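In case you want the letters, here they are:
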Amino acid sequence: TTGSAGNGGNGGDGAPPGTGGPKGIGTGDPTDLPDGVDGMNGQPCPLPLIWFIYFSSIPDGPITPGLTIPLATYASMIAANPTGTVPVHFKTSQEFDGGAVQYFKSGNTMFISRGGFTADLTTLPPTFPVFAVRALLDVFCTTPNCVQLIGYYQGQEKARVGVTPGGGHQQLELPPPDGTFPRYTSFALVGTGPFHFDHWWILIIDP
């Protein structure tokens, strides 16, 4: 004689969002109980935020191995209103594999003949946890994995992706955390053969 039928469960947030559960229908004797309430639909996942790491502020010419350069991040391909700063460290021969390394900046393009860099993401605002890293590259070595993108959490390697054979224009992207770590705190882009990228082709993503 009191109460009501059960409410439907709320749908979960996601892509796509879950649909709310149907309300319970009240019955009874001699008077039906009131019906429950339909569950609410879930919310769609928000669009990912993408920040670009700009290399265009580096002076043209050779870059000394071992140099660490603070590079600004921006929310668009236009360098206005920086959103953060990422220190980028160009690896020395000893930090790479003992062989020669060479870096050169010309205009909007960063050329890496051999070697690579590490980007420290801990300087970014806590409101932008990096869940993915994307690099768009023009690759001139043709062996599998001659260029690799490596993701770290607190110094421990968590993911590694490499280019496919054949060279050419390729995209590397670190996958989202698998539950064993919350975000990427640094990443490295390295190659045993030559590659280059435009100054805004390194992207960090917060979904």
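What you see is a predicted model, and the numbers here were worked out from it, not measured in a lab. (Residues numbered from 1 in each chain as written. Predicted model: local features only at pLDDT ≥ 70, side-chain atom pairs only at ≥ 80, totals over all residues. Heavy atoms only, no water.)

### A short note on the overall build of the protein
How we decide: To qualify as a helix, a DSSP run of H or I must reach at least 4 residues; to qualify as a strand, a run of E must reach at least 2; elements of each kind are numbered from the N terminus. Atoms counted for the radius of gyration: C-alpha only. Globule rule: 2.2 Å times the number of residues to the power 0.38. Partly exposed describes any residue whose relative accessible area lies between the buried limit of under 20% and the exposed limit of over 50%, with all areas from a 1.4 Å probe on protein chains only and scaled to the type maximum. We call two residues in contact whenever any of their non-hydrogen atoms come within 4.5 Å of each other. The Shrake-Rupley method, run with a 1.4 Å probe, gives the accessible areas here. Residue values count only the displayed protein chains as cover. Only four residue types enter the tally: Lys and Arg on the positive side, Asp and Glu on the negative side; His and the chain ends are excluded. Every charge is mapped to an atom, namely NZ of Lys, CZ of Arg, CG of Asp or CD of Glu.
For the protein, the helix and strand inventory stands at one helix and 13 strands. Counting from the amino terminus, helix and strand elements in the protein follow one another as β-β-β-β-α-β-β-β-β-β-β-β-β-β. What you see for the protein is a C-alpha radius of gyration of 25 Å, clearly larger than the 17 Å of a compact globule of 207 residues, by over 25%. Considering only C-alpha atoms, the protein reaches an extent of 90 × 35 × 30 Å along its principal axes. Out of the 207 residues in the protein, the part that is buried amounts to 43%. For the protein, the proportion of contacts with a sequence separation of at least 24, taken over those separated by at least 6, is 65%. Roughly 10700 Å² of accessible area belongs to the protein as shown, and the carbon and sulfur atoms make up 56% of that amount. For the protein, the separation between the mean place of its 8 positive charges and that of its 15 negative charges on side chains is 12 Å.

### Concerning the pattern of salt bridges
Pairs may arise between side chains of opposite charge once their charged atoms sit close together. What counts here: Each salt bridge in this description consists of a side-chain nitrogen of Lys or Arg and a carboxyl oxygen of Asp or Glu lying within 4 Å of one another.
All chains considered together, the criterion is met by four salt bridges. The residue Glu173 makes a salt bridge to Arg134 at a minimum N-O spacing of 2.9 Å. Taken together, the residues Glu173 in strand 10 (residues 168-173) and Arg134 in strand 7 (residues 132-139) connect sequence positions 39 residues apart. Glu157 is the salt-bridge partner of Arg160, the closest N and O atoms lying 2.8 Å from each other.

### Quick notes on the packing of aromatic side chains
Formally: Working definition: rings of Phe, Tyr and Trp (its six-membered ring) pair if their centres are within 6.5 Å, and the pair is stacked with planes under 30 degrees apart, edge-to-face with planes over 60 apart, and tilted otherwise.
Scanning the model with the defined rule gives 12 aromatic pairs in all. Note on Phe117 and Phe187: the rings are 6.3 Å apart at their centroids and 75 degrees apart in plane angle, and the pair reads as edge-to-face. With Phe117 in strand 6 (residues 109-120) and Phe187 in strand 11 (residues 186-191), this pair connects stretches of sequence that are 70 residues apart. Where Tyr153 meets Phe181, the ring centres are 6.3 Å apart and the plane angle is 35 degrees; that geometry is what we call tilted. Within this pair, whereas Tyr153 is found in strand 8 (residues 147-153), its partner Phe181 is found in the loop between strand 10 and strand 11, the two being separated by 28 residues in sequence. A residue is classified by how much of its surface remains accessible, and Phe181, at 6% relative accessible area, is buried. Grouped by ring-pair contacts, the aromatic residues Phe55, Phe90, Tyr103, Phe117, Phe187 and Phe197 constitute a single cluster.

### Here we look at the nonpolar core
When a protein is soluble and globular, its nonpolar side chains tend to lie buried together. Where we set the bar: What is meant by a nonpolar core is a set of buried Ala, Val, Leu, Ile, Met, Phe, Trp, Tyr and Cys residues, joined one to another through side-chain atoms within 4.5 Å.
Phe55, Phe90, Val147, Phe187, Leu189, Phe197 and Ile204 are the most contacted members of the largest nonpolar core, which totals 48 residues. Dropping the residues within four chain positions of it, Phe55 is found in contact with Leu71, Val88, Phe90, Lys105, Met110, Phe117, Phe197, His199 and Ile202.

### Here's the deal with the side chain of Lys105
Basically, it comes down to this: Think of a polar contact as two N or O atoms within 3.5 Å of one another; within protein, one of them needs to be a possible hydrogen donor and the other a possible acceptor, and neighboring residues in sequence only count if both atoms come from side chains.
On the secondary structure map, Lys105 appears in strand 5 (residues 102-106). On the accessibility criterion, Lys105 (2% relative accessible area) is buried. Side chain to side chain, Lys105 and Asp60 meet in a polar contact 2.9 Å long. If we skip the residues at most four places from it in the chain, Lys105 touches Phe55, Ser56, Ile58, Pro59, Asp60, Gly61, Ile63 and Met110.

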